[in-house]
Amino acid sequence: AYEITVRDWSSDVCSSDETVSFNSPITVIYGDNGTGKTAILEAIYIALRGSSFRGTDKDILKNGKPWYRIDIETDSYEVTSVYGVNEYKRKYFLVEDKKSLRLPRQFRRPVVLFTPDDLRLVDGSPSRRRKYLDTFLSQYDPTYARQLRRYERALAQRNKLLKYTETTNETLFSWNVILSDAGTYIINARCDYINKLNQSIQAYYRDISGNNDHVRLEYTGYRASSQQLLHVYEHSLARDQCAQHTSVGPHRHDLEIHLNDRPAEEVASRGEVRTLILALKYREVDIVRAKDEVDPVILLDDVFGELDEVRQNNLLKELDGLQIIITSTHTIGREGIAHIHLAD
């Protein structure tokens, strides 16, 4: 159970403190668009994970306001997140009377988040899907986050050197070594994660949709040792110099989503796309539970759009026993759901 207070939050219509209690397993926050429903989910996410899912602190600060503050109280501890009132204009957290610039890892609660933007995973760019993989893996694997930062820094340096015609593999050697070392970890972690997703995503999709469609995820990269990947970088020099950027590696890979053995972006309806992403989120829940041995909080932003009543009920049934917070433009007629109305 949570009680959260948001002060001077980002919604243009929320000019005073808002205190919301979540004492029910399922809570629906409903109201018209622009009333601050997503802002409440964002406040919860910041208090539980330590960062926003939509932008920087400056971006999410309400226009014309010098600061925001979030207080969240759980069954075992309290977290206060403040931005903009200290002299450095940086966010800080206060947990058990201790102040820190980052939310301590031991107080980060696992969260599985669905937003309408997730629907673009199917028909969006490969970079969007890579970002999805990197975001999820970085949250729950500190080594992945470090290796990703190493890779991105080395990639920027290699791309800079490729603009000079006199650049050779000897010049690039140190950067190629870092790229191959970090890239191997990134590729293997992504492959392992996609294999885990594939274990049950089809069953979840069928449970929600009520049909027997076939679902499969595929990673376009391949497992390789760091030595093999180093060989790939060295042999791509001529092509990379012509393009003036690095053309191979995990920064070029993609996550392909197939429905009935065809690309989902070509054949899936809007309702099927939504069902695919929800099935993906179910697998996230399983993976987080297995890793952290703690039930995640489920945040579903406008999840019921374009889902019929049967699929809505199937969705909630699959998440039974977890704390779920949903935003919607309307109430949901199902027993055991608490409703909070946000009005203009």
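Data block above holds the structure.
All of these numbers come straight from a predicted model, not from anything done at the bench.

Visitor: Honestly, the overall build of the protein chain in this entry has me stumped. Any pointers?
Guide: When you go through the protein chain residue by residue, the secondary structure sums to 11 helices and 14 strands. For 344 residues, the compact-globule formula gives about 20 Å, and the C-alpha radius of gyration of the protein chain, at 22 Å, lands near that figure. The 344 residues of the protein chain split such that 51% are buried. Put simply, 69% of the contacts in the protein chain that link residues at least 6 apart link residues at least 24 apart. As displayed, the protein chain offers around 16,900 Å² of accessible surface, 45% of which is attributable to carbon and sulfur atoms.

Visitor: Would you take a moment to explain helix α7 (residues 226–235) for this structure?
Guide: Each full turn of the α-helix corresponds to 3.6 residues, which orients residues three or four apart in the same direction. Within α7, burial applies to Leu229, Leu230 and Tyr233. Down the axis of α7, the smallest arc covering the buried residues is 105°, so these residues share one side. Residues of α7 that are exposed and point more than 90 degrees away from the buried face comprise Gln227 and His235. Looking at the buried residues of α7, the elements they touch are α5 (142–161), α6 (169–209) and α8 (237–243).

Visitor: Looking at this structure, how should I read empty space enclosed by the protein?
Guide: One simple way to see leftover space: roll a probe sized like a water molecule over the atoms. Overall, the coordinates contain one cavity of 30 Å³ or more when judged by the stated rule. A volume near 40 Å³ is recorded for the largest cavity. Residue lining of the largest cavity: Val112, Leu278, Lys281, Tyr282, Val285, Ile298, Leu300 and Leu319, and that is the complete set. If you list the elements that add at least two residues to the lining of the largest cavity, you get α10 (270–292) and β12 (297–301). Counted by class, the lining of the largest cavity contains seven nonpolar, no polar and one charged residues.

Visitor: For this particular structure, what's the right way to read the packing of α6 against α7?
Guide: Between two packed helices, what matters for the description is the angle formed by their axes and the separation of those axes. Across the interface, α6 lies against α7 with an axial gap of 8 Å and an inter-helix angle of 135°. The orientation of α6 relative to α7 falls into the category oblique. Crossing of α6 against α7: the hand is right-handed. Facing Asn169, Phe173, Asn176, Val177, Leu179, Ser180, Asp181, Gly183, Thr184 and Ile187 of α6, the residues of α7 in contact are Ser226, Leu229, Leu230, Tyr233 and Glu234. Here the residues of the contact of α6 with α7 are counted per class, giving seven nonpolar, six polar and two charged.

Visitor: Sorry if this is basic, but what is going on with the nonpolar core here?
Guide: For soluble globular proteins, nonpolar side chains are generally found buried alongside one another. Leu300, Leu315, Leu319 and Ile326 are the most contacted members of the largest nonpolar core, which totals 64 residues. The element best represented in this core is α6, accounting for 13 residues. In contact with Leu300, other than residues within four places in its own chain, are Leu41, Phe114, Leu315, Leu319, Ile324, Ile325, Ile326 and Thr327. Formed by 30 residues, the second largest nonpolar core is a distinct cluster that contains Ala43, Ile46, Ala47 and Leu113.

Visitor: I tried to follow the sheet that holds strand β8 (residues 111–114) on my own but got confused; where do I start?
Guide: Sheet strands pair by backbone hydrogen bonding; their relative direction is either parallel or antiparallel. Spatial strand order, β8-β12-β13-β3-β14: five strands in an open sheet with parallel pairing. Here the strands that pair on one side only, and so sit at the sheet edges, are β8 and β14 (337–341). Direction aside, the axes of adjacent strands within the sheet are offset by 15° on average. Pairing between strand β3 (residues 26–30) and β14: five bridges, direction parallel. The residue bridging Thr27 from the neighbouring strand is Ala338, located in β14.

Visitor: How should I be thinking about the environment of Thr220 in this particular structure?
Guide: Within the secondary structure, Thr220 is located in the loop between β9 (215–219) and α7. Setting aside chain neighbours within four positions, we find Thr220 in contact with His253, Asp254 and Glu256.

Visitor: Please explain the packing of aromatic side chains as it appears in this structure.
Guide: Geometry of an aromatic ring pair is reported as the spacing of the ring centres plus the angle between the planes. On inspection of all chains with the given rule, the structure shows six aromatic pairs. Ring geometry for Tyr132 against Tyr193: centres 6.3 Å apart, planes inclined by 40°, an arrangement best described as tilted. A residue pair is termed long-range when its members are at least 10 positions apart, and Tyr132 in helix α4 (residues 126–140) and Tyr193 in helix α6 qualify at 61 residues. According to the relative accessible area criterion, Tyr132 is buried, its value standing at 9%. Overall, the relative accessible area of 3% leaves Tyr193 in the buried class. Judged by centre distance (5.3 Å) and plane angle (50°), the rings of Phe136 and Tyr140 are tilted. Of this pair, Phe136 and Tyr140 both sit in helix α4, separated by four residues, roughly a single helical turn. Given the relative accessible area of 9%, Tyr140 is considered buried. What links up through ring pairs into an aromatic cluster is the set Tyr132, Phe136, Tyr140 and Tyr193.

What counts and how
Residues numbered from 1 in each chain as written. Predicted model: local features only at pLDDT ≥ 70, side-chain atom pairs only at ≥ 80, totals over all residues. Heavy atoms only, no water. Helix = DSSP H or I, 4+ residues; strand = E, 2+ residues; numbered from the N terminus. Rg over C-alpha atoms; globule rule 2.2 N^0.38 Å. Buried < 20%, exposed > 50% of the residue type's maximum accessible area, 1.4 Å probe, protein only. Contact = heavy atoms within 4.5 Å. Areas by Shrake-Rupley, 256 points an atom, 1.4 Å probe, with all protein chains shown as cover. Arc of directions from axis to C-beta. 1 Å grid on protein atoms, 1.4 Å probe; cavity = no way out; pocket = protein on both sides within 12 Å on 5 of 7 lines; lining within 4 Å. Points joined across faces, edges and corners; volume = space filled by probe spheres on them. Nonpolar A, V, L, I, M, F, W, Y, C, P; charged D, E, K, R; others polar. Axes fitted to C-alpha atoms, helices over the stretch in contact; angles between N-to-C directions. Parallel < 35°, antiparallel > 145°, perpendicular 65-115°, else oblique. Left-handed = near helix turned anticlockwise from the far one by under 90°. Core = buried A, V, L, I, M, F, W, Y, C linked by side-chain atoms within 4.5 Å. Pairing = 2+ DSSP bridges. Phe/Tyr/Trp six-rings, centres within 6.5 Å; stacked < 30°, edge-to-face > 60°.

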